[in-house]
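Coordinates in review
Listed below, chain by chain, are the residues.
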Amino acid sequence: MLVTWRYRPRKSIIQSFDPRAWIIFFGCYLASTLLFWDLRYLSFFLLLALIVLFTSGIRWKEIRKAMLFIGGFILFFSFLTFLTGRGGMELYAEEHVLRELKASFHILGWQPSLLISAEKTMFSISMLARVFSIAVMTILIPYSLNPALYGVTFRGLGLPDKIAYAMDLTMRFIPTFGRDFSLTMDAQRARGYELEKISGGLAAQVRKLAPLVVPVTIHAIAGSEDIIDAMDLRAFGIGPRTWLIKLTYKPRDYFLIGFGILLLVISIAFSLWGWGKFWVPAGLLALAGA
Amino acid sequence: MTKKLLSVILTLVAVLAFFLGIWLIGRLINPSLNLDQTALLRFVFVGIGLLIVFIVYLATRESKIWDVGTREVVYMAIGAALYAVFSYLFNGTVFVVPSVSQVSLRPAIAIPMFFGYAFGPAVGFFTGAVGNMFGDALTGFGLSPQWSVGNGLVGMIAGMAILFKDKKRSLNTVFIISALVAAIGTVIFLLNKTIPNMLFYDVDNNIFGDQQISWFAGLSAIIGLVLVVLVRFLFRDNIHVAAAVTWSMLGNFLGIGFAAISDIWINGFSPAVAIVGEFLPSAGPNMIFAAILVPILVAAYAAVQRQTGR
């Protein structure tokens, strides 16, 4: 049985556009965001993402689980970035120390310490803004894109029929396999399997993952026969595919596509000029005595 | 040349011309322009990766391995969805699979390897590339398209096994190429033992990517190779398991190698950092999954085939 994303028709900005126009805009937005590390530029993208989120008509109750997971994940990694400066080494060579904290105790000879620098702090904030903007825009897609339109949308974007249909099925299968995984895990737990206690050597740990990975995979393959039969009975792939619903661009869709392309072109131009690179406010550097 | 082929070539040429144009125009605007700071190179490497796939396709297009029917469409979707879900669960924070001696575990990589081997290179490529893309989207990792293409190559190369009627003979060639890649990687590690493991977070020292690569992580490609030899020895009567594991090994080395080497230009890494700091700690441990999970999946799938008769 297929499980679906929590889509429902809503009166919102995102759903007022043709899904193809939205996907094109999303692609341009994504590529544009990746061109910047400057918080001032990223704030624009964050604002755009928040406008889309708050006008999406999606209730907190519906999106809570996904937002808490992804939000928690992003916060965790941003905090880790703040602690360690991971990834920042590629953007800045010098660090201006704001404060160095040292614990008053030792753990097995190791003294926990934290070096807070202006660069590390700004890098983690910029990263938070960057990843959160992308995540918000991404997470909205399954909630606002009608599953009945997945295939025709990808076909309308120029993908061949078969690839468009494969993309359609992929999006439909993701929540289903997520459910299957949790059912399998419950079933294995009932048999005494404890994922939380995975231990031992590398090979032993890998082997212990098999009771989760193998049943879900094999069940998916075995279950696919019904889908294959149903598609074959409808002569899938014999000739050019027709779709039940026809998508037609409206003027507002052209406007959105134009806006997306303009955003990308401006972002590329800024990037070529060297604008929007990693930025640390002068005030923060002054605090560090620079 | 068919119309379809011509349109693919023209599209690829147009994409490369677009980025070349940006590079040339960009240098006029900003003489000190470093393309690695613009994120555009990620997309250039997507183009290069797709070009590699296209060249392989051109060279083998007479073969039926590239035919995509109903069955392949469904397996593409299943593979990509499974890869995305497992990536989300195991690479994210849902289940933090512990790391051993700087080696973190990515069990999901067994999916493109298995799907590629069992259902062909087209299914393998789609599973790796699209699955990685959806997995990154689900976990909020953002976009690393060159790594998606690298994962696609893992699945595609694993699927090239179907090209050879005599699987046993092809295995030796594949094994020698893989052994060479592993040997080169290991020699580079031995010459650059002080390079940090870019994929490991050292909790004790509170540093990410600054701890010197461990011996275990540095030698993981060779350890993986030994594991594959062991699997081939243990399953010497089961050619499918031996072929799946050996081709997956080559796919893993070349696919992950492509993504890691692209970081020389994208992230400005030196070749030694890309190979020792990125390629070895990711491609090496992947071999452990190729050697353990892929044979289990191949055996389980063979049982399903026997049961259903398909």
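Residues numbered from 1 in each chain as written. Chains lettered and ligands numbered in written order. Predicted model: local features only at pLDDT ≥ 70, side-chain atom pairs only at ≥ 80, totals over all residues.

1. Considerations on the overall build of chain B
Tallying secondary structure elements over chain B gives 11 helices and 2 strands in all. Of the regular secondary structure in chain B, the N- to C-terminal order runs α-α-α-α-α-α-α-β-β-α-α-α-α. Taking all 310 residues of chain B together, 54% fall into the buried category. Pairs at least 24 residues apart make up 78% of the contacts formed inside chain B by residues separated by at least 6 positions. (Helix = DSSP H or I, 4+ residues; strand = E, 2+ residues; numbered from the N terminus. Buried ≥ 20, exposed ≤ 12 C-beta atoms within 10 Å, placed from the backbone. Contact = placed C-beta atoms within 7 Å.)

2. Considerations on the overall build of chain A
When helices and strands are tallied, chain A shows 9 helices and 2 strands. Each helix (α) and strand (β) of chain A, taken in turn from the N terminus, gives the series α-α-α-β-β-α-α-α-α-α-α. On C-alpha atoms alone, chain A measures out to a radius of gyration of 24 Å, which is more than a quarter above the 19 Å that the 2.2 N^0.38 rule sets for 290 residues. Seen through its C-alpha atoms, chain A measures out along the principal axes to roughly 75 × 60 × 35 Å. Counting all 290 residues of chain A, 35% fall into the buried class. Sequence separation of at least 24 residues holds for 81% of the intrachain contacts in chain A that already meet a minimum separation of 6. (Rg over C-alpha atoms; globule rule 2.2 N^0.38 Å.)

3. Things to note about the pairing of strand 1 (residues 97-102) of chain A
All names here are of chain A. Little of strand 1 is tucked away, with 0 of its 6 residues classed as buried. The sheet contact formed by strand 1 and strand 2 (residues 113-117) spans 5 bridges and is antiparallel. Across the sheet, the residue bridging to Glu-100 is Leu-115, located in strand 2. (Pairing = 2+ DSSP bridges.)

4. Considerations on helix 4 (residues 110-119) of chain B
All names here are of chain B. For helix 4, the tally of buried residues reaches 10 of 10 residues, placing the bulk of the element in the interior. Of all the residues in helix 4, the buried ones are Ala-110, Ile-111, Pro-112, Met-113, Phe-114, Phe-115, Gly-116, Tyr-117, Ala-118 and Phe-119. Positive phi appears at Gly-120, one or two residues downstream of helix 4, with a value of about 105°.

5. Remarks on the packing of helix 2 (residues 40-60) of chain B against helix 10 (residues 239-266) of chain B
All names here are of chain B. Where helix 2 contacts helix 10, the axes come no closer than 10 Å and their chain directions differ by 145°. The crossing of helix 2 and helix 10 is right-handed. Facing Leu-41, Arg-42, Phe-45 and Gly-49 of helix 2, the residues of helix 10 in contact are Phe-258, Ser-262, Trp-265 and Ile-266. (Axes fitted to C-alpha atoms, helices over the stretch in contact; angles between N-to-C directions. Left-handed = near helix turned anticlockwise from the far one by under 90°.)

6. Comments concerning the nonpolar core
Ranked by internal contacts, the top residues of the largest apolar core, which has 112 residues, are Ala110(B) and Val294(B). If you tally residues by element for this core, the top one is helix 11 (residues 271-308) of chain B, at 19 residues. Leaving out residues up to four positions away in the same chain, Val294(B) has contacts with Ala110(B), Met113(B), Phe114(B), Ala244(B), Val245(B), Ser248(B) and Phe289(B). Listed in part, the 43 residues of the second largest apolar core include Cys28(A), Ile58(A), Met122(A) and Ala135(A). (Core = buried A, V, L, I, M, F, W, Y, C linked by C-beta atoms within 7 Å.)

7. Comments concerning the environment of Val231(B)
Residue and element names in this part refer to chain B. Position of Val-231 among the secondary structure elements: in helix 9 (residues 220-234). The class of Val-231 is buried, set by 22 C-beta atoms lying within 10 Å. When sequence neighbours within four positions are dropped, the list of residues in contact with Val-231 reads Val-241, Val-245, Ala-291 and Pro-295.

8. Some points on the confidence of the model for chain B
Residue and element names in this part refer to chain B. Confidence in the prediction of chain B, expressed as mean pLDDT, is 82, and 84% of residues score 70 or more. Mean pLDDT per element in chain B: strand 2 (residues 207-208) is the minimum at 52, and helix 4 is the maximum at 94. Interface predicted TM-score (ipTM) for the complex: 0.84; the corresponding pTM is 0.85. (pLDDT = per-residue confidence, 0-100.)

9. Remarks on helix 9 of chain B
Along an α-helix, residues three or four apart share an orientation, since each turn contains 3.6 residues. Residues and elements named next belong to chain B. Taking 1.5 Å of rise per residue, 15 residues should cover 21 Å, and helix 9 covers 21 Å from first to last C-alpha, within 8% of that figure. Listing the buried residues of helix 9 in full gives Ser-220, Ala-221, Ile-223, Gly-224, Leu-225, Val-228 and Val-231. Among the structural elements, helix 7 (167-191), helix 8 (215-218), helix 10 and helix 11 are those in contact with the buried residues of helix 9. (Expected span 1.5 Å × (residues − 1).)

10. Let's talk about unusual backbone geometry
Residue and element names in this part refer to chain A. Of note in this structure, Ala-235 is not a glycine but carries a positive phi near 60°. With respect to the helices and strands, the residue Ala-235 is situated in the loop between helix 7 (202-233) and helix 8 (251-273). The exposed category is assigned to Ala-235, around which 10 C-beta atoms lie within 10 Å.

11. What to know about the confidence of the model for chain A
Here chain A averages 85 in pLDDT, while 92% of its residues score no lower than 70. When pLDDT is averaged over each helix and strand of chain A, the minimum, 78, is found for strand 2 of chain A and the maximum, 94, for helix 2 (residues 39-54) of chain A.

12. Description of the packing of helix 7 of chain B against helix 11 of chain B
Residues and elements named next belong to chain B. Their axes nearest at 9 Å, the elements helix 7 and helix 11 cross at an angle of 115°. On the basis of the axis angle, helix 7 is roughly perpendicular to helix 11. When you trace helix 7 past helix 11, the crossing you get is left-handed. Contact residues: Gly-185, Ile-188 and Phe-189 in helix 7; Ala-272, Ile-275, Val-276, Phe-279 and Leu-280 in helix 11. Here the contact of helix 7 with helix 11 is composed, by residue class, of 7 nonpolar, 1 polar and no charged. (Parallel < 35°, antiparallel > 145°, perpendicular 65-115°, else oblique. Nonpolar A, V, L, I, M, F, W, Y, C, P; charged D, E, K, R; others polar.)

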